[in-house]
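Per-entry structural report
The primary structure of each chain is shown beneath.
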Amino acid sequence: MALESRITQEEIKKEPEKPIDREKTCPLLLRVFTTNSGRHHRSDEFARGNVPSSELQIYTWMDATLKELTSLVKEVYPEARKKGTHFSFAIVFPDPRVKMYKLKEIGSTVSGRKGLDDAMTLQSQRFQIGDYLDIAITPPNRAPPLNPRMRPF
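Given the structure is predicted, the values throughout are model-derived calculations rather than measurements.

Aromatic rings in a pair are described by how distant their centres are and how their planes are angled relative to each other. Applying the stated rule across the entire model yields five aromatic pairs. Aromatic pair phenylalanine 46 and tyrosine 132: ring centres 5.6 Å apart, planes at 25°, arrangement stacked. Of this pair, phenylalanine 46 sits in the loop between strand 1 (28–35) and strand 2 (55–60) while tyrosine 132 is found in strand 5 (residues 132–138), placing the two residues 86 residues apart along the sequence. Given a relative accessible area of 1%, phenylalanine 46 falls into the buried group.

This is the structure:
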């Protein structure tokens, strides 16, 4: 009989995070890959040591929020500064069982608006040093793609 974890996003968010002293803790190198198509990269684009070409390298800490990461991306991509631009975040991590990378969507932010995921941290989503972050950027004049878990009706 297989057991299935029933941990919800709310329970993950409720886990007490250890405060990180940014003055005393060395930052980590976060490799971020972005797309302007509104869709995440395919997991096979990370296969066999390859990575997509749209890489940003950000030095940050495990307590970095999605809103904080959004502002860092907006510094590099001026077109993403427009109000209403949608940022969808996913962690890309190696799955040793199938020897390939998997993509786990963790949240989204919208430029110029407050959202539920703004305060979400890398640590709260079980990000591990060595994982990648994939950000799908959708301009404000295009609706973000439907979440596969949401019904369009």
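Buried within helix 2 (residues 66–76) we find Leu66, Leu69, Thr70, Val73 and Lys74. Taken down its axis, helix 2 places every buried residue within 140° of arc, on the same side.

Attention shifts here to the side chain of serine 111. Within the secondary structure, serine 111 is located in the loop between strand 4 (100–110) and strand 5. Owing to a relative accessible area of 3%, serine 111 belongs among the buried residues under this scheme. The residues contacting serine 111, other than those within four sequence positions of it, are Lys74, Ala80, Arg81, Lys82, Lys83, Gly84, Thr85 and Phe87.

Another aspect to go through is the pairing of strand 1. Across the eight residues of strand 1, six count as buried, placing the element largely inside the fold. Sheet topology note: the strand 1/strand 2 ladder contains six bridges and is antiparallel. Across the sheet, residue leucine 28 finds its bridge partner in strand 2, namely threonine 60. As paired strands, strand 1 and strand 5 are joined by five bridges and run parallel to one another. In the sheet register, threonine 34 faces strand 5, and the bridge partner there is isoleucine 135.

Another aspect to go through is the pattern of salt bridges. Across all of its chains, the model carries seven salt bridges by this definition. Here aspartate 44 ties to arginine 42 by a salt bridge, and the two come within 3.1 Å at their closest N and O atoms. Arginine 42 gets classed as exposed once you look at its relative accessible area, which sits at 52%. Residue aspartate 95 pairs with arginine 97 through a salt bridge whose shortest N-O separation is 3.3 Å. We classify aspartate 95 as buried; its relative accessible area is 4%. We classify arginine 97 as exposed; its relative accessible area is 73%. Bridged by salt links that share partners, the residues Arg22, Asp63 and Glu68 form one connected network.

The next thing to look at is the nonpolar core. Ranked by internal contacts, the top residues of the largest apolar core, which has 22 residues, are Leu30, Leu69, Phe89, Leu133 and Ile135. Secondary-structure elements contributing two or more residues to this core are strand 1, strand 2, helix 2, strand 3 (86–95) and strand 5.

This brings us to the sheet that holds strand 3. Taking strand neighbours across the sheet as the criterion, the five strands line up as 2-1-5-3-4 in an open arrangement whose pairing is mixed. Edge positions in the sheet fall to strand 2 and strand 4, since each of these pairs with one other strand and no more. Ignoring strand direction, the axes of neighbouring strands in this sheet form an average angle of 30°. Contacts from helix 2 reach strand 1, strand 2, strand 3, strand 4 and strand 5, with the element oriented near 90° to strand 4.

The rules behind each value
- Residues numbered from 1 in each chain as written.
- Predicted model: local features only at pLDDT ≥ 70, side-chain atom pairs only at ≥ 80, totals over all residues.
- Heavy atoms only, no water.
- Phe/Tyr/Trp six-rings, centres within 6.5 Å; stacked < 30°, edge-to-face > 60°.
- Helix = DSSP H or I, 4+ residues; strand = E, 2+ residues; numbered from the N terminus.
- Buried < 20%, exposed > 50% of the residue type's maximum accessible area, 1.4 Å probe, protein only.
- Arc of directions from axis to C-beta.
- Contact = heavy atoms within 4.5 Å.
- Pairing = 2+ DSSP bridges.
- Salt bridge = Lys/Arg side-chain N within 4 Å of Asp/Glu carboxyl O.
- Core = buried A, V, L, I, M, F, W, Y, C linked by side-chain atoms within 4.5 Å.
- Axes fitted to C-alpha atoms, helices over the stretch in contact; angles between N-to-C directions.

By themselves, these are just geometric observations and shouldn't be taken as functional.
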